[in-house]
Amino acid sequence: MAEPQTFNVKDFGAKGDGSTLDTAAIQAALDAAYAAGGGVVYIPAGVYLVHSRTGDASDGALQIRDNVTLAGEGMGVSVLKVRDGEDNKITGVVRTPAGEVTHDVVIRDLTIDGNHQKNSGDIDGFFCGVEPGSPEYDYNILVERVEIMNVSRYAFDPHEQTKNLTIRDSVAHHNLGDGFTIDFCSDVILENNVAYANGRYGFNIVTSSHDVLLKNNVAYDNALHGIAIQKGSEDRPFIYDVKIEGGAVYDNGRYGIEIKLSEKVTVEGVEIYGNASGGVSIFGAQDNLITGNWIHDNGGAGVRIHEYDDREGTQGTDKLWAASGNTVTDNRIDGHAIAVMEESDSSFGNASYFNLSTGSTVGIGLLPLSDSSGSTNTVYVGYLGGTVSPPLDPALGLYFENILRTDDTPGALQIAQQLADGDISISMALALTVELADGTTSVATMSYEFFTGRTPTAAGLDFLVDPEGPNGNNLNSDYYQFFNTENRFINFAVNLGRVGEGQAGFNETYGALTFASAAKAAYAEIFGGVPTDEKINEILGAPVQIGGQSATRADYFYAYGGDDLGAKAAMVGWLLAEAAKANLGMYAQSNSAYLTDLADGGPYNVDLIGVYGSEDFAFPT
């Protein structure tokens, strides 16, 4: 495959001498690369002064479009610096265009200097996203080895909406706002970044963002929290499925990490110390997991769990939010008078156990929760970047076609890249492909097996999964982009079991059963072992939130299913999802064996359990 064309900004008149205004020349190079169908815009060493070209904040200073890479020679070597005296608002020194979808963009090896000490404009460093309120999104955005400093607002600000985003090996410091703001973004990886001496948060995950991995990042000396996971000020769904893994958070002005009005957040393997207000704050948030961390020598408690009172509508909800279903376990907590504290407020159903701590534990349950909480996501996507994709191994291409019905997803591209780089074998690539199918093909195969007794036909699987097939709402479509694996299974199960082609058989087998008896029978069929009554009661009675109100999981099934049969179908979908995510029990392991066979051209429309089931797959209870 041909190497991408390179466009040197100096060939377009840029000087990089720290005194010439180079905005127009750099933009001309960016426009030329876009017009050529993509390429690399190269910025040699130097200081390139930029400004607001139009005076319109949403135009930014420099705009980058589809399939274009903006590459310097390194942080501190190739510098884009806002000119002295700039008084216009610049929403992105470098940004994607407002009001249109942009994809496959890379920015690497340079510094953005907002120069706020010598100008009065409100300036963000890097910005992407279509526009607030739009259902469309920018996608496939990679930022690596980029330094942003001295901006008057936010340094890295991927916004509404951005999907398949990676920021890695980058630095944000001495900015007046946040270092890294992830605002209404999904499928995000932030890895090996550093945020320090910023005027608000080091990292701020906000506004319905989900499926976000923060791995081995460092946040210190920021004015507020080192890392904030929070819903934002509008009445939108909570943040969910976030994992903070590794790295360090220290010497920040408030908490090391605060999880506020969010759910399914895992904090694992982080060193958290020297933060003024405390180590970790769980603030009106639900179903989060704090595990395996070293939390020491912070002001206040090591971990504090408390309600959030929004009855005056500060966060747009007009409700009192209890902190519930949170788990604090297997942490080392030193240097606090109180290691873990649940406030005497509306918070409930939280647990702290198996921590090695020197301080007291106050007001919180000491026994494990039935649901251990934390992110349910097992695959974080992000974007690998580059203007040229690796050649697709023919065998892997066949696996993608037969199992996934597409090779054009971030997860598939990541597997292809790993195989091309020699990081994995072809057999490992097949196993990863089968795992990647959890949210698409497996939803169809496992659901159809349960409700109809057979997997779909080849044409049926094309209809249900293929993004190029006849069904606009297939499992790879935009319709399902905000459905997690659990809700995909539940949605399919309710459609099949309540009103679809599996309704008659499902009603005959399950319709007359009590809800608990139906759950016990479905569990036995899906996992291959008969559960105890206590296990079923734990599943159905687990606390959840429905519209901000406390309820049980059984209540959730009824709310989703609409009637008794629909609630039972929703329950089946949830059990199938849990089996698939853990690859546990008769259905999930038979399905993995089936997809492995399907990869090389195996049969369709088979009895999954009858053909691929094994006694070894049964999960004893």
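For the structure itself, consult the block above.
Sequence positions are assigned chain by chain, starting from 1 and proceeding in written order. The predicted origin of the model limits local features to residues at a pLDDT of at least 70 and limits the giving and counting of side-chain atom pairs to 80 or more, whereas totals for whole chains, interfaces and linings rest on all residues. Side-chain measures were taken over the full set of non-hydrogen atoms in the model, leaving aside hydrogen atoms and water.

So, the overall build of the protein chain
We count a stretch as a helix when DSSP gives it H or I for four or more residues in a row; a strand needs E for two or more, and each element gets its number in order from the N terminus. For the protein chain, the helix and strand inventory stands at 14 helices and 40 strands. Counting only C-alpha atoms, the protein chain reaches 80 × 60 × 40 Å along its principal axes. Remark: exposure states derive from per-residue accessible area (1.4 Å probe, protein chains only) relative to the maximum for the residue type, with buried under 20%, exposed over 50%, and partly exposed in between. For the protein chain, the residues scored as buried account for 56% of the 621 residues in total. Positive and negative side-chain charges of the protein chain, numbering 35 and 83 respectively, have mean locations separated by a distance of 5 Å. Counting rule applied: Lys, Arg positive; Asp, Glu negative; His and chain ends not counted. Each charge is placed at NZ for Lys, CZ for Arg, CG for Asp and CD for Glu.

Section: a negative patch on the surface
A surface patch of negative charge is lined by E401, D407, D408 and E468. Within the secondary structure layout, E468 lies in the loop between α6 (458–465) and α7 (485–499). E468 gets classed as exposed once you look at its relative accessible area, which sits at 71%. Two joining distances apply to patches: 9 Å for like charges and 5 Å for nonpolar side chains (Val, Leu, Ile, Met, Phe, Trp, Tyr), and every residue must have over 30% relative accessible area and no salt bridge. All accessible areas in this document rest on Shrake-Rupley with a 1.4 Å probe, and a residue is counted as covered only by the protein chains that are shown. A pair is scored as a salt bridge if a Lys or Arg side-chain nitrogen falls within 4 Å of a carboxyl oxygen belonging to Asp or Glu.

Observations concerning the pattern of salt bridges
Per the counting criterion, the structure on display carries 21 salt bridges. The residue E100 makes a salt bridge to R65 at a minimum N-O spacing of 3.8 Å. Of this pair, E100 sits in the loop between β8 (90–95) and β9 (103–113) while R65 sits in the loop between β5 (62–63) and β6 (68–71), placing them 35 residues apart in sequence. Close ionic contact of D371 with R553 constitutes a salt bridge, the shortest N to O distance being 3.7 Å. Taken as a pair, D371 in the loop between β38 (360–362) and α2 (394–404) and R553 in helix α11 (residues 553–561) lie far apart in primary sequence, 182 residues in all. The exposure class of R553 is buried, given its relative accessible area of 10%.

What about empty space enclosed by the protein?
In this approach a probe as big as a water molecule rolls over the atoms, and the regions it shows empty are the leftover space. The way it works is a 1 Å grid over only the protein atoms, where trapped points that fit a 1.4 Å probe form a cavity and open points with protein on both sides within 12 Å along at least five of seven lines form a pocket, and then any residue with an atom within 4 Å of a point lines it. Grid points are joined across faces, edges and corners, and a volume is the space filled by probe spheres set on the points. Under the criterion given, the structure shown has two cavities of 30 Å³ or more. If you add up the space inside the largest cavity, you get close to 50 Å³. Partitioning the lining of the largest cavity into residue classes produces three nonpolar, four polar and one charged. Empty space within the second largest cavity amounts to approximately 40 Å³. Around the second largest cavity sit L214, K215, N216, N217, I227, I244, E245, G246, V249 and V270, which together line it. Secondary-structure elements contributing two or more residues to the lining of the second largest cavity are β19 (210–215) and β22 (239–245). Only Asp, Glu, Lys and Arg are considered charged, only Ala, Val, Leu, Ile, Met, Phe, Trp, Tyr, Cys and Pro nonpolar, and every remaining residue, Gly among them, polar. In terms of residue class, the lining of the second largest cavity is made up of five nonpolar, three polar and two charged.

Examining the packing of aromatic side chains
Pairing of aromatic side chains here covers Phe, Tyr and the six-membered ring of Trp, requires ring centres within 6.5 Å, and sorts the geometry by plane angle: under 30 degrees stacked, over 60 edge-to-face, intermediate tilted. Within the structure shown, the criterion is met by 23 aromatic pairs. With a centroid separation of 5.2 Å and 75° between ring planes, the pair formed by Y353 and F354 is classed as edge-to-face. On the accessibility criterion, Y353 (13% relative accessible area) is buried. A residue is classified by how much of its surface remains accessible, and F354, at 64% relative accessible area, is exposed. With centroids separated by 6.4 Å and ring planes inclined at 65°, the aromatic side chains of F450 and F506 adopt a geometry described as edge-to-face. Remark: F506 occurs in helix α8 (residues 503–510) and F450 occurs in helix α5 (residues 441–452); sequence separation between them is 56 residues. Pair check on accessibility: F450 and F506 agree, each one buried. Connected via pairs of aromatic rings, a cluster forms that spans F515, Y556, F557, Y558, Y560 and W574. Two limits define a charge over a ring: the Lys NZ or Arg CZ must be within 6 Å of the ring centre, and within 35 degrees of the ring normal. Directly above the aromatic system of Y34 lies the positively charged group of R65, at a separation of 5.8 Å from the ring centroid.

Examining α5
A helix is expected to span 1.5 Å multiplied by its residue count minus one. Between the first and last C-alpha of α5 there are 16 Å, a value that for 12 residues agrees with the 16 Å anticipated at 1.5 Å per step. Taken across its 12 residues, α5 has 11 buried, putting it largely inside the fold. Looking only at α5, the buried set comprises T441, S442, V443, A444, T445, M446, S447, Y448, E449, F450 and F451. Looking one or two residues past α5, G453 carries a phi angle of roughly 85°, positive in sign.

Let's talk about the state of the cysteines
Sulfur atoms of two cysteines make up a disulfide when they are within 2.5 Å. Counted according to the given criterion, the structure contains zero disulfides. Counting only cysteine sulfurs, C185 is the nearest neighbor of C128, a cysteine outside any disulfide, at a range of 6.2 Å. Take C128: its relative accessible area is 0%, and that puts it in the buried class. The exposure class assigned to C185 is buried, which follows from its relative accessible area of 1%.

Some remarks on the side chain of Q161
Within the element layout of this structure, Q161 appears in the loop between β12 (156–158) and β13 (162–168). Under the relative-accessibility criterion, Q161 is labelled buried at 6%. We call two N or O atoms a polar contact when they sit within 3.5 Å, provided that within protein one can donate a hydrogen and the other can accept it, with sequence-adjacent residues counted only if both atoms are side-chain atoms. At 3.0 Å, the side chain of Q161 forms a polar contact with the backbone oxygen of S134.

What about the pairing of strand β11 (residues 138–149)?
Of all 12 residues that make up β11, 10 are buried, and the element is covered over most of its length. If DSSP finds at least two bridges between two strands, the strands pair. Here six bridges tie β11 to β13, and the two strands are oriented parallel to one another. Opposite Y139, over in β13, you have K163 as the bridge partner. By the bridge criterion, three bridges tie β11 to strand β14 (residues 171–173) in an arrangement that is parallel. Counted as the bridge partner of E147 is V171 from β14.

Observations regarding unusual backbone geometry
Phi angles above zero are rare outside glycine, and N67 is one such case at about 65°. Secondary-structure assignment places N67 in the loop between β5 and β6. One non-glycine residue, D221, adopts positive backbone phi at about 60°. Residue position: D221 is located in the loop between β20 (218–220) and β21 (227–230).

Side note on the environment of S324
By the element assignment, S324 lies in the loop between β32 (320–321) and β33 (327–329). Note on S324: relative accessible area 6%, which makes it buried. Along the chain, S324 and G349 lie 25 residues apart, while their C-alpha atoms are 5.2 Å from each other. Contacts between residues were defined by any pair of non-hydrogen atoms, one from each residue, lying within 4.5 Å. Those residues within four positions of S324 in sequence are excluded, and the remaining contacts are A285, Q286, D287, F348, G349, N350 and Q545.

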